[in-house]
Amino acid sequence: MTTPTYYHAFTSKHERRPPLNDEITADICIIGGGLTGISAALHLAERGYDTVLLEAGRIGDGASGRNGGQICMGYGCGMEAFERISGLESAKNFWGMSSEAIEDIQSRISRHGIQADYKRGYIHAALNSRQERGLQEMAQSWSGTYGFTDLELLSRAETEEATGSRLYCASLLEQGSGHMNPLAYLHGLEEAARNAGARIFEDSRAIAIEKGATATIATGNGRVRARMLVLAGNAYLDDLVPEIRYRVAPVLSAVAATAPLSADQAARILPGDEAVADSNTALNYFRKTVDNRLLFGGLASYSGRPITNAADTLRRRMVKVYPDLSTIAIDHAWSGKIAITANRMPDFGRLGSNIYYAQGFSGHGLALTGLAGKLIAEAVAGDAERFDTFARLPNLRFPGGPARTAVLALGMAWFKMRDLLGLSK
Ligand SMILES: Cc1cc2nc3c(=O)[nH]c(=O)nc-3n(C[C@H](O)[C@H](O)[C@H](O)COP(=O)(O)OP(=O)(O)OC[C@H]3O[C@@H](n4cnc5c(N)ncnc54)[C@H](O)[C@@H]3O)c2cc1C
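Residues numbered from 1 in each chain as written. Predicted model: local features only at pLDDT ≥ 70, side-chain atom pairs only at ≥ 80, totals over all residues.

A. Geometry of the overall build of the chain. When helices and strands are tallied, the chain shows 13 helices and 17 strands. By the burial criterion, 50% of the 425 residues in the chain qualify as buried. Across the chain, the fraction of contacts at a sequence separation of at least 24, relative to all contacts at a separation of at least 6, is 74%. (Helix = DSSP H or I, 4+ residues; strand = E, 2+ residues; numbered from the N terminus. Buried ≥ 20, exposed ≤ 12 C-beta atoms within 10 Å, placed from the backbone. Contact = placed C-beta atoms within 7 Å.)

And the structure:
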């Protein structure tokens, strides 16, 4: 489909599932074999629903198999947005669900014996005093308002020791977030979903949907008739369901994996094995892999144009953080589509009474996709309270419709300028 990732090269091979070549019926049909769709399949099959999942290519071809592997607490919009929009008590409820999403990853890994190289620990790094103040406020909010105290503000010297980089003036180290191999995790969940009874078809793009009390979903060579439909194609769904297309904008992001670091470099760079993100709007994020490569991401294209020369551009950004990596080989570089919403809150909802969708995780999908799958299963089973809590969030369509990526690119140029001027926090 697109450039293979580091994960595809180093994650154990996953057996190809057959395409759909038949007319079949099911309780539920899910479109999309990323973390949202596979999580929904697992939860629904565990609840006893006859569940079918259609994936256009291979499981993990979308963002779920191509991301930075950073598991982040909270939401892309920050907790203040929830406080402003829905009040403090409701914000605490959203915080609780984001913590639950991370706990669910840990319990799935241990329940299904998934080898996903999961690690706890995350460093939010400040590039200037304005960002440092932002991190202090964040620490205050997380511990004071939400009771999360496993965090520590680090000075410049402590940050240098923790990251092995002199670039940052301060940081917030917290133990709620972490990192893992997302493709290995996804494959493990897929096995678990199949073991629970879900039928999974690869190379089976849904090309048409006929809505109704029973929905009919057509692929090139088959057809599924199902009482319920779950749309989990996120930034890759394109025009299949026009009603939800303009509620998100696809943003291309790129990641590079270096050759293995030398023993010296590996000991100095991130000795505590945390993941890192800086506080710019157009941010850099990085971490070490289990075989001691630096996985460095952050280049983003908001215009819809493909990212060319990702390896060179990411290397330039990486060398600003770690000057002595200027000659290290970049073994893998790839990109993928993130779906973001206008207010960076996830976008869950229904079309009619029997079609559910969840999309627009705005860079926090590694944890929130699992929650999305779980809440869809709860709603299908008759308890829609938590799904509807998300569905009520005020997500607006992007201005510009088909031209929204151009509008977004213009907006991001403004934010990038603020990053350069040190005005982001
Ligand atoms: C480069 C990159 C770095 C990222 N880094 C991070 C990170 O560090 N931390 C984090 O939390 N998030 C990160 N993200 C975002 C995160 O990966 C996503 O939020 C998450 O994976 C979304 O999962 P999903 O299942 O909703 O969508 P996807 O994983 O994109 O899956 C959608 C699937 O639907 C399939 N599909 C689409 N249309 C059809 C159709 N018509 N028929 C059948 N199948 C269809 C696609 O082929 C695809 O496999 C990153 C994303 C990218 C691209």
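B. Local environment of the nonpolar core. Ranked by internal contacts, the top residues of the largest apolar core, which has 127 residues, are Ile28, Cys29, Ala41, Leu54, Ala226, Val230 and Ile376. Ranked by residue count, the leading element in this core is helix H11 (residues 365-380), at ten residues. Setting aside anything within four residues of it in sequence, one finds Cys29 in contact with Val52, Leu54, Ala215, Ile217, Val224, Ala226 and Leu229. (Core = buried A, V, L, I, M, F, W, Y, C linked by C-beta atoms within 7 Å.)

C. Spotlight on the packing of helix H2 (residues 35-46) against helix H7 (residues 182-195). Between H2 and H7, whose axes approach to 9 Å, the crossing angle comes to 30°. It follows that H2 is roughly parallel to H7 by the angle criterion. Considering the relative orientation of H2 and H7, their crossing is left-handed. Contacts from Leu35, Ile38, Ser39, Ala41, Leu42 and Ala45 of H2 reach H7 at Leu186, Leu189, Glu190, Ala192 and Ala193. Split by residue class, the contact of H2 with H7 holds nine nonpolar, one polar and one charged. (Axes fitted to C-alpha atoms, helices over the stretch in contact; angles between N-to-C directions. Parallel < 35°, antiparallel > 145°, perpendicular 65-115°, else oblique. Left-handed = near helix turned anticlockwise from the far one by under 90°. Nonpolar A, V, L, I, M, F, W, Y, C, P; charged D, E, K, R; others polar.)

D. Structural context of the site of the ligand. Around the ligand, the surrounding shell holds 44 residues, and the nearest of these are Gly32, Gly34, Gly62, Gly336 and Gly365. Of all the elements in the fold, those that place two or more residues in the shell around the ligand are H2, strand S11 (249-258), strand S15 (330-340) and H11. Among the elements that make up the shell around the ligand, the one with the highest residue count is S15 (four residues). Here the shell around the ligand is built from residues that sort into 17 nonpolar, 22 polar and five charged. (Near = placed C-beta within 6 Å.)

E. Structural detail: helix H4 (residues 88-112). Compared with the 36 Å implied by 1.5 Å per residue over 25 residues, the 36 Å span of H4 between its first and last C-alpha is a close match. For H4, the set of buried residues is Ala91, Phe94, Trp95, Ser98, Ala101, Ile102 and Ile105. Where H4 is buried, its residues contact strand S3 (70-71), helix H3 (79-86), strand S6 (170-179) and H11. (Expected span 1.5 Å × (residues − 1).)

F. Structural detail: unusual backbone geometry. The phi torsion at Asp273 lies on the positive side, around 65°, for a residue other than glycine. For Asp273, the position within the fold is in the loop between helix H9 (263-268) and strand S12 (275-278). Of note in this structure, Asn309 is not a glycine but carries a positive phi near 55°. Relative to the helices and strands, Asn309 is located in the loop between strand S14 (294-301) and helix H10 (310-321). With 12 C-beta atoms packed within 10 Å, Asn309 lands in the exposed category.

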